[in-house]
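Commentary on secondary and tertiary structure
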Number of protein chains: 2
Amino acid sequence: MKVTIIGVGLIGGSLALSMRDNGISSSITGVDKDPENARKALELGLVDEIADMKEAVGGADLVVIATPVDSIPLIAVKLLNDIRPGQVVIDTGSIKTELSEVVRCHPNRGRLVATHPMWGTEYSGPQAAVKGAFRGRTVVICDREASDPDAVVLVEEVYSRIGMPVSYMSSEEQDLHSAYVSHISHITSFALALTVLEKEREEEHIFDLAGGGFESTVRLAKSSPQTWVPILLKNKYNVLDVLREHIHQLNIIRKLLERDQGRELAAAIEKANSISRIIDKKPNEK
Amino acid sequence: MKVTIIGVGLIGGSLALSMRDNGISSSITGVDKDPENARKALELGLVDEIADMKEAVGGADLVVIATPVDSIPLIAVKLLNDIRPGQVVIDTGSIKTELSEVVRCHPNRGRLVATHPMWGTEYSGPQAAVKGAFRGRTVVICDREASDPDAVVLVEEVYSRIGMPVSYMSSEEQDLHSAYVSHISHITSFALALTVLEKEREEEHIFDLAGGGFESTVRLAKSSPQTWVPILLKNKYNVLDVLREHIHQLNIIRKLLERDQGRELAAAIEKANSISRIIDKKPNEK
């Protein structure tokens, strides 16, 4: 199968590696509006060739849109405008409501399958692409009923060969879900990093942050504004909903500490412990 | 060297394994006020024998206090009361100000070296002990000048053979530092877990939380109240200081989102990115 990937960064590049390694693609063409990214992707062997959008899309069986989320809806519409029967388009964005609304009435809507492969790292660009990414992680397919059955079957087959179990949701459910499982964690990490940097400035003292749990909670703070500002703004209402609840929970803990309420603090922590019921489930128990 | 470890849980048990594996201990005696823990530690081979406190301490060259932080100061005083010349006591607690104050005027203060080996996991009990823990992580030695030089040399030697670089701080600095590098991360994780559990209840919908960054930021929420309530309460003023700043930073991000201030949000994220300057340093660059 001939694959074209638009946006050869962390996600697009890693997906290229996974598709080749799992025998899905016979050839991969990369498209990137940043010539430097395109050059690197070719140099790193993520893609077999670089082409401009029109040329790259014309000959492809599967086109993947892996650009920042704010650019996905317009690219999707342009691709659907010229799509040939049998071609399939997917996107890999972490929010879907706007995309779903923009393509809703397009006569070729069925050729698009909206997917969110739930994997990422705090790094970006082609040099951040990772072999064997995605395996074991869930991919969400949104609004399955709006896509042509043959397109859905092809996309399910692609992700299944990469090793990803498939979940189905509406775009609205997926965006709420992403706010909880991913977007809030990024905000928390950004805020934690800013907290430490603020204190560091006051203290004129470099913290030795090895160990202690800090690294794992703050790792995501290295994520780029180019990726995250569009995600947070486009998913603003869901993100604010979670963020307000999160601040509320932090204020509860703050008050328990201020009042030395050890028993109530223990009860809150015990309740928090039950998160293991959710995060320690094996995928096949879900 | 004969070692006695009081409290054979996650830290005490892992330290026992590290001491044996690095040829530090000729024998290890465990003490635990929970007979079930003691039995498990023996069964798992963490310690060579179990004894009561008096008997176990009498014959030891090095005594390690690895119990919850609220119990450390009194145990330390009792050990110092009966200590023989040449014996050394260390503790492994993550806060030190109270301990340091309690032992300050003790005639045998010099035999105690206050240490915080900066490693841990979200699990507890002897079954959570891990081989090869600690290696590469920093150990903080507090108020070095209050300990006898021979005791400090012995303790530095022990930690260096385990593979831990040593940092020196006052108890006050260490407690502030721990609030930033460890305690706040735990609070954030607890609050994040409570946020998701709250939403899950509203939605009657189980989130599929694989991938997406959530797991790494919420992992610490599995940590036990038995360990954490004493730490947070005993380090209350430092923790509240950081927590208030953290809530403040979250509120700044909330307002930027509410007002669609993408440029300012990007600037905040860019600033947060610079945390990599701190967390990506190699230990020998510090």
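Structural notes, computed from the coordinates. As the structure is a prediction and not an experimental result, all values here were calculated from the model.

Quick look at the interface of chain B and chain A now. The interface of chain B with chain A comprises 88 residues on the first partner and 88 residues on the second. Here chain B meets chain A over a buried area of about 8,500 Å², counting both sides, of which 70% is carbon and sulfur. Connecting chain B to chain A are eight salt bridges. In this structure, the salt-bridge partner of K271 of chain B is E198 of chain A, at a minimum N-O distance of 3.9 Å. Taken together, the links from chain B to chain A amount to 17 residue pairs in polar contact (both at pLDDT 80 or more). Residues of the side of chain B that touches chain A, tallied by class, amount to 43 nonpolar, 23 polar and 22 charged.

Time to look at the sheet that holds strand β4 (residues 62-65) of chain B. All names here are of chain B. Across the sheet, eight strands lie side by side as β3-β2-β1-β4-β5-β6-β7-β8; this open sheet has mixed pairing. Looking at which strands have only one partner, the edges of the open sheet turn out to be β3 (49-50) and β8 (166-169). Pairing between strand β5 (residues 88-91) and strand β6 (residues 112-117): three bridges, direction parallel. Along β6, the bridge assignment pairs V89 with L112. Seen against the sheet, helix α6 (residues 149-162) touches β4, β5, β6, β7 (139-142) and β8 and runs at an angle of roughly 25° to β6.

All right, on to the environment of S18 of chain A then. Relative to the helices and strands, S18 of chain A resides in helix α1 (residues 10-21). You can call S18 of chain A buried: its relative accessible area is 3%.

About the cut-offs
Residues numbered from 1 in each chain as written. Chains lettered and ligands numbered in written order. Predicted model: local features only at pLDDT ≥ 70, side-chain atom pairs only at ≥ 80, totals over all residues. Heavy atoms only, no water. Contact = heavy atoms within 4.5 Å. Buried area = accessible area lost by both parts, 1.4 Å probe. Salt bridge = Lys/Arg side-chain N within 4 Å of Asp/Glu carboxyl O. Polar contact = N/O pair within 3.5 Å; in protein donor to acceptor, adjacent residues only side chain to side chain. Nonpolar A, V, L, I, M, F, W, Y, C, P; charged D, E, K, R; others polar. Pairing = 2+ DSSP bridges. Helix = DSSP H or I, 4+ residues; strand = E, 2+ residues; numbered from the N terminus. Axes fitted to C-alpha atoms, helices over the stretch in contact; angles between N-to-C directions. Buried < 20%, exposed > 50% of the residue type's maximum accessible area, 1.4 Å probe, protein only.

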